Amino acid sequence: MDDITALILDDHAAFRRGFARLDDARNPEQMRAVWEPLALHLEIHAEAEERILYPHLLRRGGEDAEAESLDAIRDHNKIRDAIDESRRHDIGSDEWWSAVWEARRENTEHLGEEEDEGLPDFRKHASIELRAELGAQWLAFYREHPAGKGLMFRDKDPERYVEAYTE
Ligand SMILES: [Fe+2]
Ligand SMILES: [Fe+2]
């Protein structure tokens, strides 16, 4: 079985490796080759969590599930905003690096919170069957949206998002 929380950790490891690879990129072509797929993966991952993980965390998680979800959507928005900002600048320019570092800092902070708060909460409260079922949905989501095809990566209002799944 593919436990959704394990699949999420695999993505998180890929993000850390991606940002580390960026440190070794020596020219704009190399930077583009690392950053574009990494940025897209970050966007697809956040969208997948918002569609597949957080609705279930909100319904089944512990008493902190709401706060964890609010934090997550806020963080995803900050990461999306930094990625959008990077796309407004020439790759390798100071402005580009500054946006990429903003995405990196926000992402690193977010991964830690998700791994230490939201995911443990979900593991404690969700059945093994649900974790496997959502793992299958996660893989299907990636299959159905190769390179993010058909997805819009928009910021979401955190309060409205949480309300929609807790009514
Ligand atoms: Fe994540
Ligand atoms: Fe996340």
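Along each chain, numbering runs from 1 in the same order as the chain's sequence is written. Note on labels: chains are lettered from A, ligands numbered from 1, in written order. Predicted model: local features are reported for residues with pLDDT of at least 70 only, side-chain atom pairs are reported and counted for 80 or more only, and whole-chain, interface and lining totals are derived from all residues. With hydrogens and water excluded, all non-hydrogen atoms of the structure serve as input to the side-chain values.

> Give me the lowdown on the pattern of salt bridges, citing residues and values where you can.
A side-chain nitrogen of Lys or Arg and a carboxyl oxygen of Asp or Glu constitute a salt bridge if their distance falls within 4 Å. The tally for this structure, following the rule as stated, stands at 15 salt bridges. For Arg51, the salt bridge identified is with Glu47, shortest N-O distance 3.0 Å. Of this pair, Arg51 and Glu47 both sit in helix 2 (residues 28-60), 4 residues apart, which is roughly one turn of that helix. The exposure class of Arg51 is partly exposed, given its relative accessible area of 43%. Here the salt bridges do not stand alone but share partners, grouping Glu47, Glu50, Arg51, Arg80, Asp155 and Lys156 into one network. A run of H or I in DSSP counts as a helix once it spans at least four residues, and a run of E counts as a strand once it spans at least two, with each numbered from the N terminus. The buried label applies to any residue whose accessible area, calculated with a 1.4 Å probe on protein chains only, is under 20% of its type's maximum; exposed applies above 50%, and partly exposed to all values in between.

> Could you give an account of the packing of helix 1 (residues 4-23) against helix 5 (residues 128-144), naming the residues involved and the relevant values?
Simply put, an axis is a line fit to the C-alpha atoms, just over the touching stretch for a helix, and the angle between two N-to-C directions goes from 0 to 180 degrees. Where helix 1 meets helix 5, the axes come as close as 7 Å, and the angle between the chain directions of the two elements is 45°. On the basis of the axis angle, helix 1 is oblique to helix 5. In contact with Ile4, Thr5, Leu7, Ile8 and Asp11 of helix 1, helix 5 contributes Arg131, Leu134, Gly135, Trp138, Leu139 and Tyr142. Only Asp, Glu, Lys and Arg are considered charged in this grouping, and only Ala, Val, Leu, Ile, Met, Phe, Trp, Tyr, Cys and Pro are considered nonpolar; every other residue, Gly among them, is considered polar. Per-class residue counts for the contact of helix 1 with helix 5 are 7 nonpolar, 2 polar and 2 charged. Any angle that falls under 35 degrees is termed roughly parallel, while one over 145 is termed roughly antiparallel, one within 65 to 115 roughly perpendicular, and all others oblique. The contact definition used throughout considers only heavy atoms, calling two residues in contact when any of these lie within 4.5 Å.

> Could you give me a rundown of the coordination of the iron ion (ligand 2), with the residues and numbers involved?
Only Glu49 (OE), His76 (NE2), His110 (NE2) and Glu114 (OE) from the protein reach the iron ion (ligand 2) as donors, at distances of 2.0 to 2.2 Å. Listed donors are limited to N, O and S atoms within 2.8 Å of the metal, widened to 3.2 Å for Na, K and Ca; water is not among them, so incomplete-looking sites are possible. Geometry is assigned from donor-metal-donor angles: four donors are tetrahedral when every angle falls between 85 and 135 degrees, four are square planar and six octahedral when opposite donors sit over 155 degrees apart with all other angles between 65 and 115, and any other arrangement is irregular. Classification of the site at the iron ion (ligand 2) as irregular follows from its 4 donor atoms and the range of 81 to 171° in their angles at the metal. Going along the chain, you hit the donors of the iron ion (ligand 2) in the pattern E-x26-H-x33-H-x3-E. The distance between the iron ion (ligand 2) and the iron ion (ligand 1) is 3.2 Å, with Glu49 acting as a donor to both metals. With Glu49 in helix 2 and His76 in helix 3 (residues 65-86), this residue pair connects regions lying 27 residues apart in the sequence. Accessibility classification places Glu49 together with His76 in one group, the buried group.

> Lay out the side chain of His110 with the relevant residues and their values.
Within the fold, His110 resides in helix 4 (residues 94-125). On the accessibility criterion, His110 (3% relative accessible area) is buried. The contacts of His110, once residues within four sequence positions are left out, are Glu49, Tyr54, Ala72, Asp75, His76 and Ile79.

> Before we move on, can you summarise the coordination of the iron ion (ligand 1) with the specific residues and values?
At the metal site, the iron ion (ligand 1) is ligated by His12 (NE2), His45 (NE2), Glu49 (OE) and Glu114 (OE), and these contacts range over 2.0 to 2.2 Å. Around the iron ion (ligand 1) sit 4 donor atoms, and with donor-metal-donor angles ranging over 79 to 174° the site reads as irregular. The exposure class of Glu114 is buried, given its relative accessible area of 2%.

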